[in-house]
Amino acid sequence: MIYSKEVENMCPVKGISHGAAPIPEEGKWVQAKEIKDISGLTHGIGWCAPQQGACKLTLNIKEGIIQEALVETIGCSGMTHSAAMAGEILVGKTILEALNTDLVCDAINTAMRELFLQIVYGRSQSAFSEGGLAIGAGLEDLGKGTRSQVGTIYSTLAKGPRYLELAEGYIVEIGLDKDNQIIGYKYVNLGKMMDNIKNGIEPMEAIEKASGKYGRFDEAVKKIDPRKE
């Protein structure tokens, strides 16, 4: 350690230090001093430099090590391949290593940065959950069929909104009332449909078994295909 002459000539004075402020982690208050002191599950959003795509990243961290990662992206085709690589890269790393590792896509890197800030400041989703959340908790965001919950709506002033995909699944038909207002829709849960097909069910039957209705769809006076009409 090199000191300047001015510092060397100073007389020593003792200050008071109570250490780091405790942060909530998995039902405990922790004075985090090292990376291994950090645990928790959290998720957040990152964006790419031109802000044309985004990543939702979910991490489950135990004693500083990433044990579980869920990477969901929307934007360009390259992001999906970056997500595949990030899924291989993230697990097994400390959160400090992951913060300083190229996760291929700007949006995923930014998401990692934002999650790092959340977790080291004690702002995790499991901050007050005793023992934290089990490895596998990230899959609960996906539900049955293990598919991201996506909302895709297209709308024009001339023709109005078209529901294309919502949490329930791929929208097959939109139900309209006498004033041409949307009152419900019919959907296909693509995750369940693919599971049905993999289990040997014929495709049309698989689609029907994975279909459902939302709202007052049965009361509709007109039903349209949002991709064609």
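Definitions and limits used
Residues numbered from 1 in each chain as written. Predicted model: local features only at pLDDT ≥ 70, side-chain atom pairs only at ≥ 80, totals over all residues. Heavy atoms only, no water. Helix = DSSP H or I, 4+ residues; strand = E, 2+ residues; numbered from the N terminus. Axes fitted to C-alpha atoms, helices over the stretch in contact; angles between N-to-C directions. Parallel < 35°, antiparallel > 145°, perpendicular 65-115°, else oblique. Contact = heavy atoms within 4.5 Å. Nonpolar A, V, L, I, M, F, W, Y, C, P; charged D, E, K, R; others polar. Disulfide = S-S within 2.5 Å. Buried < 20%, exposed > 50% of the residue type's maximum accessible area, 1.4 Å probe, protein only. Core = buried A, V, L, I, M, F, W, Y, C linked by side-chain atoms within 4.5 Å. Phe/Tyr/Trp six-rings, centres within 6.5 Å; stacked < 30°, edge-to-face > 60°. Lys NZ or Arg CZ within 6 Å of the ring centre and 35° of its normal. Pairing = 2+ DSSP bridges.

1. Some points on the environment of Cys76
Mapping Cys76 onto the fold places it in the loop between strand 5 (65-74) and helix 2 (77-90). Here the alpha-carbon distance between Cys76 and Gln52, two residues 24 residues apart in the chain, equals 8.0 Å.

2. Things to note about the packing of helix 2 against helix 4 (residues 106-120)
Packing of helix 2 against helix 4 brings their axes to within 9 Å, and their N-to-C directions diverge by 45°. Between helix 2 and helix 4, the angle is such that the two are oblique. Each of Met79, Ser82, Ala83, Ala86 and Leu90 in helix 2 lies in contact with helix 4, whose residues at this interface are Ala107, Ile108 and Met112. Considering only residue class, the contact of helix 2 with helix 4 consists of seven nonpolar, one polar and no charged.

3. Side note on the state of the cysteines
Tallying each qualifying case throughout the model produces zero disulfides. Free of any disulfide, Cys48 has its nearest cysteine sulfur in Cys105, 6.4 Å distant. Judged by relative accessible area, Cys48 falls into the buried class, the value being 13%. Distance from the sulfur of Cys55, which forms no disulfide, to the nearest cysteine sulfur (Cys105) is 6.9 Å. We classify Cys55 as buried; its relative accessible area is 1%.

4. Observations concerning the nonpolar core
The biggest cluster of nonpolar side chains holds 24 residues, and the ones touching the most others in it are Leu57, Leu59, Leu90, Ile95, Ile108 and Met112. Contacts of Leu57, omitting those with residues within four sequence positions, involve Thr42, His43, Gly44, Leu70, Val71, Leu90, Ile108, Ala111, Met112 and Leu115. Of all hydrophobic cores here, the second largest spans seven residues; its members include Leu166, Ile171, Leu176 and Ile224.

5. Focus on the packing of aromatic side chains
Under the criterion given, the structure shown has four aromatic pairs. Both rings, one in Trp29 and one in Phe128, keep their centres 6.3 Å apart while their planes meet at 70°; by these two values the pair is edge-to-face. With Trp29 in strand 2 (residues 28-30) and Phe128 in the loop between helix 4 and strand 6 (152-156), this residue pair connects regions lying 99 residues apart in the sequence. Take Trp29: its relative accessible area is 61%, and that puts it in the exposed class. With 5.1 Å between their ring centres and 15° between their planes, Tyr185 and Tyr214 make a pair best called stacked. Highlighted residues: Tyr185 in strand 9 (residues 182-188) and Tyr214 in strand 10 (residues 211-215), separated in sequence by 29 residues. Connected via pairs of aromatic rings, a cluster forms that spans Tyr163, Tyr185, Tyr187 and Tyr214. Sitting over the ring of Tyr170, Arg227 keeps its end group 3.7 Å from the ring centre.

6. Let's talk about the pairing of strand 5
In this sheet, strand 5 lies alongside strand 4 (residues 54-62) in antiparallel orientation, the contact comprising nine bridges. In the strand pairing of strand 5, Leu57 is matched with Val71. In sequence, strand 4 turns back onto strand 5 through a hairpin of two residues, with Glu63 there showing a positive phi of about 50°.

7. Topic: unusual backbone geometry
Phi is positive for Val104, which is not a glycine, with a value near 80°. Among the secondary structure elements, Val104 is positioned in the loop between helix 3 (95-99) and helix 4. Judged by relative accessible area, Val104 falls into the partly exposed class, the value being 36%. The phi angle at Asn180 is positive, at roughly 65°, despite the residue not being glycine. By the element assignment, Asn180 lies in the loop between strand 8 (169-176) and strand 9.

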